[in-house]
Amino acid sequence: MKLKALNIIFSSHESFMSDLKAALFENKTSIDTTDSISFDSPDTYNKIMTPKKLQLIMAIARLKPESINHLARILSREYAHVFKECKILQSLGFIKLIEVGSGQKKQSQPILAFNYDLIRVKAPIEEIFPITEESNRILLNEARVS
């Protein structure tokens, strides 16, 4: 089975704007169309992507919570903290928050923004974070075989 990766790439604002200009005005396709999220530096990524945020992404992928409140209960964390981190992950493009229910029962359900099994950080030292149970199982089996 082939795993789908969400690639974390690093590109300065100037480089991104240059690529965008080339794609729009010079009909060049230098912009990566694979599932990716760009940060300006590994330092910025490391400041933002804490272990608790990775835990949230894994829990969303593996447990498919009905709401942010449900996610907070599963992880035994305070709702306010989980809500704040979900909003940050949404703004960065890792997850989506969709409205479910109606009337006063309306809640936000966190889902992955892309269909991905792992996060690959494309830095000088590449890091891979298995997000789904399937990716974890496959990577562990490959490590045993190697």
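Keep in mind it's a predicted model, so treat the numbers as computed, not measured. (Residues numbered from 1 in each chain as written. Predicted model: local features only at pLDDT ≥ 70, side-chain atom pairs only at ≥ 80, totals over all residues. Heavy atoms only, no water.)

## What about the packing of helix α4 (residues 68–75) against helix α5 (residues 79–92)?
Inference 1: At a minimum axis separation of 9 Å, α4 and α5 run at an interaxial angle of 120 degrees. Classified by the angle between their axes, α4 and α5 sit oblique to one another. The element α4 and its partner α5 pack so that their crossing is right-handed. Taken together, the residues of α5 that come into contact with α4 (itself represented by Ile 68, Asn 69, Leu 71 and Ala 72) are Tyr 79, Val 82, Phe 83 and Cys 86.
Inference 2: Its residues assigned to classes, the contact of α4 with α5 shows seven nonpolar, one polar and no charged. (Axes fitted to C-alpha atoms, helices over the stretch in contact; angles between N-to-C directions. Helix = DSSP H or I, 4+ residues; strand = E, 2+ residues; numbered from the N terminus. Parallel < 35°, antiparallel > 145°, perpendicular 65-115°, else oblique. Left-handed = near helix turned anticlockwise from the far one by under 90°. Contact = heavy atoms within 4.5 Å. Nonpolar A, V, L, I, M, F, W, Y, C, P; charged D, E, K, R; others polar.)

## Some words on the pairing of strand β5 (residues 118–121)
Inference 1: One ladder, built from four bridges, connects strand β1 (residues 5–10) with β5; its direction is parallel. Bridge assignment links Leu 6 to a residue of β5, and that residue is Ile 119.
Inference 2: Here four bridges tie β5 to strand β6 (residues 127–130), and the two strands are oriented antiparallel to one another. Within β6, the position partnered with Ile 119 by the bridge is Phe 129.
Inference 3: Between β5 and β6, which follow one another and run antiparallel, lie five residues. (Pairing = 2+ DSSP bridges.)

## Some points on the sheet that holds β5
Inference 1: Reading across from one edge, β2-β1-β5-β6 is the order of the four strands in this open sheet, with mixed pairing throughout. Across the chains shown, the open sheet's two edge strands, defined by having one partner strand only, are β2 (36–39) and β6. Put simply, the sheet's adjacent strands are angled 20 degrees from each other on average, direction ignored.

## Focus: the packing of aromatic side chains
Inference 1: Counting across every chain of the model gives four aromatic pairs.
Inference 2: A centroid spacing of 6.3 Å and a plane angle of 75 degrees characterise the contact between Phe 10 and Tyr 45, whose relative ring orientation is edge-to-face. You can see Phe 10 sitting in strand β1 and its partner Tyr 45 sitting in helix α2 (residues 42–48), a full 35 residues away along the chain.
Inference 3: Accessibility expressed as a relative area gives 22% for Phe 10, which makes it partly exposed.
Inference 4: Taking the relative accessible area as the measure of exposure, Tyr 45 reaches 3% and is therefore buried.
Inference 5: Centroid distance Tyr 79 to Phe 83: 5.8 Å. Interplanar angle 25 degrees. Geometry classified as stacked. Residue Tyr 79 and its partner Phe 83 are both found in helix α5; the two are separated by four residues, about one turn of the helix. (Phe/Tyr/Trp six-rings, centres within 6.5 Å; stacked < 30°, edge-to-face > 60°. Buried < 20%, exposed > 50% of the residue type's maximum accessible area, 1.4 Å probe, protein only.)

## Quick notes on the confidence of the model for the chain
Inference 1: Overall, the prediction assigns the chain a mean pLDDT of 85, with 84% of residues at 70 or greater.
Inference 2: This stretch, residues 29–33, has a pLDDT under 50; its non-local contacts, to residues over four places away or in other chains, come to five contacts. (pLDDT = per-residue confidence, 0-100.)

## Some thoughts on the pattern of salt bridges
Proximity of charged atoms lets side chains of opposite charge pair with each other.
Inference 1: Counted according to the given criterion, the structure contains three salt bridges.
Inference 2: The closest approach of N and O atoms between Glu 85 and Arg 77, which form a salt bridge, is 2.9 Å.
Inference 3: Its relative accessible area of 17% is what places Arg 77 among the buried residues.
Inference 4: Across the pair Arg 120 and Glu 126 runs a salt bridge whose closest N-O atoms are separated by 3.8 Å.
Inference 5: For Glu 126, a relative accessible area of 45% translates into the label partly exposed. (Salt bridge = Lys/Arg side-chain N within 4 Å of Asp/Glu carboxyl O.)

## Here's the deal with the side chain of Ser 108
Inference 1: The topology assignment puts Ser 108 in strand β4 (residues 107–112).
Inference 2: In this structure Ser 108 comes out as buried when scored by relative accessible area, which is 18%.
Inference 3: For Ser 108, the side chain forms a polar contact with the side chain of Glu 99, separated by 3.0 Å. (Polar contact = N/O pair within 3.5 Å; in protein donor to acceptor, adjacent residues only side chain to side chain.)

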